[in-house]
Amino acid sequence: MPEYLINNWLEWFGVLTGLLYLLLEIRQLKSMWVVGLISSFVYIFVFFRSKFYADMVLNIYYVLISMYGFLLWKKSGEEREQPSKEDEITYQNISWLLGGILFVVSVMLYLGIAGVLVHYTDSPIPYGDAFPTALSLVATWMLAKKYLEQWLVWIVVNLFSIGLFAYRGLYPTAFLFSVYGVLSVVGYQKWKADYKPVLTNK
């Protein structure tokens, strides 16, 4: 067991920071973006070693979107003359039109990523790797914009990823995504129950 932890300490560190990130996300604390950046940076190396190239690139994107999300949330708070805690804890609902657009974008991303993995890498499961990556790109953008429905996308991503990572022997990461799946349901329910919508599109 000690030898296993030593050989996989980087993955376990990514698991711990990943859990902290999601807990901070549920509470809509800006520090989530900083923790997310650290976790994503760690997983760049974890996924490269495991030949999950799409997930590796996804985590490079996470590093960049973490900086964008932090600045976006910080600016949103600064634009209020007298921001209160209640004002900062908000979300918006996605419209049917935007939802349809994001679905098409997700399909295009999936086909593009899968094509690259099949033709230009030695990925052992290119189509499986491409699916959660495509959805995660869209869901992360939705998170930065505080769309409530991003939690539903994450639930799909997390459930699929459990089997994907377990298949490749990344058991700590599979455990992480199991917890992610549960907390995604909790996050959706908490946002909907405790926070207030600032824009509702039907």
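Quick caveat, the model's predicted, so the values are computed rather than measured. (Residues numbered from 1 in each chain as written. Predicted model: local features only at pLDDT ≥ 70, side-chain atom pairs only at ≥ 80, totals over all residues. Heavy atoms only, no water.)

J.: Give me the lowdown on the overall build of the chain, citing residues and values where you can.
T.: Looking only at helices and strands, one finds nine helices and two strands in the chain. The N-to-C order of helical and strand elements in the chain reads α-α-α-α-α-β-α-α-α-α-β. Expressed as a percentage of the 202 residues in the chain, the buried residues total 48%. Across the chain, every contact between residues at least 6 apart in sequence was considered, and the portion connecting residues at least 24 apart equals 73%. (Helix = DSSP H or I, 4+ residues; strand = E, 2+ residues; numbered from the N terminus. Buried < 20%, exposed > 50% of the residue type's maximum accessible area, 1.4 Å probe, protein only. Contact = heavy atoms within 4.5 Å.)

J.: Mind laying out a nonpolar patch on the surface, listing which residues take part and the relevant values?
T.: Judged by side-chain polarity, Phe103, Val104, Val107, Met108 and Leu111 come together as a nonpolar surface patch covering roughly 520 Å² of accessible area. Here Met108 is to be found in helix H6 (residues 96-120). Classification of Met108 as exposed rests on a relative accessible area of 58%. (Patch = residues over 30% accessible without salt bridge, like charges linked within 9 Å, V, L, I, M, F, W, Y side chains within 5 Å. Areas by Shrake-Rupley, 256 points an atom, 1.4 Å probe, with all protein chains shown as cover. Salt bridge = Lys/Arg side-chain N within 4 Å of Asp/Glu carboxyl O.)

J.: Give me the lowdown on the nonpolar core, citing residues and values where you can.
T.: The biggest cluster of nonpolar side chains holds 34 residues, and the ones touching the most others in it are Met32, Trp33, Phe47, Phe52, Leu143, Phe165 and Trp191. Elements supplying a minimum of two residues to this core: helix H2 (9-26), helix H3 (31-49), helix H4 (53-78), helix H7 (126-144), helix H8 (150-167) and helix H9 (171-194). Per-element accounting of this core gives the leading share, eight residues, to H3. Residues contacting Leu143, with those up to four places away along its chain left out, are Tyr21, Glu25, Met32, Trp33, Trp73, Gln150 and Trp191. Counting residues in hydrophobic clusters, the runner-up holds 22 residues, among them Tyr53, Tyr147, Val153 and Trp154. (Core = buried A, V, L, I, M, F, W, Y, C linked by side-chain atoms within 4.5 Å.)

J.: Help me get a handle on unusual backbone geometry, residues and values and all.
T.: The phi angle at Lys51 is positive, at roughly 65°, despite the residue not being glycine. Looking at the element boundaries, Lys51 is found in the loop between H3 and H4. Although it is not a glycine, Lys146 adopts a positive phi angle of roughly 60°. Its place among the elements puts Lys146 in the loop between H7 and H8.

J.: Describe H9, and please don't skip the residues or the numbers.
T.: When the terminal C-alpha atoms of H9 are compared, their 34 Å separation across 24 residues agrees well with the 34 Å that a helix rising 1.5 Å per residue should span. For H9, the set of buried residues is Pro172, Thr173, Ala174, Leu176, Phe177, Tyr180, Gly181, Leu183, Ser184, Gly187 and Trp191. (Expected span 1.5 Å × (residues − 1).)

J.: Give a description of the packing of H8 against H9 that names residues and reports values.
T.: Contact geometry for H8 and H9: axes closest at 8 Å, N-to-C directions at 165°. Classified by the angle between their axes, H8 and H9 sit roughly antiparallel to one another. Helix-helix and strand crossings are classified by hand; for H8 and H9 the assignment is left-handed. Here the residues of the contact of H8 with H9 sort into 15 nonpolar, eight polar and no charged. (Axes fitted to C-alpha atoms, helices over the stretch in contact; angles between N-to-C directions. Parallel < 35°, antiparallel > 145°, perpendicular 65-115°, else oblique. Left-handed = near helix turned anticlockwise from the far one by under 90°. Nonpolar A, V, L, I, M, F, W, Y, C, P; charged D, E, K, R; others polar.)

J.: Tell me about the pattern of salt bridges, and please be specific about residues and values.
T.: According to the stated counting rule, one finds one salt bridge in the structure shown. Asp122 serves as the salt-bridge partner of Lys51, at 3.3 Å between the closest nitrogen and oxygen. Here the residue Lys51 occupies a position in the loop between H3 and H4, and Asp122 occupies one in the loop between H6 and H7, the gap between them amounting to 71 residues. The exposure class assigned to Lys51 is partly exposed, which follows from its relative accessible area of 35%.

J.: Let's hear about the environment of Phe177: which residues, and what values?
T.: Position of Phe177 relative to the elements: it lies in helix H9. On the basis of relative accessible area, Phe177 is assigned to the buried category, the value being 13%. The sequence separation of Phe177 and Ile155 amounts to 22 residues, and the corresponding C-alpha distance is 9.5 Å. Among residues more than four places away in sequence, those in contact with Phe177 are Asn158, Ser161, Ile162 and Phe165.

By themselves, these figures tell us nothing about what the structure is for.
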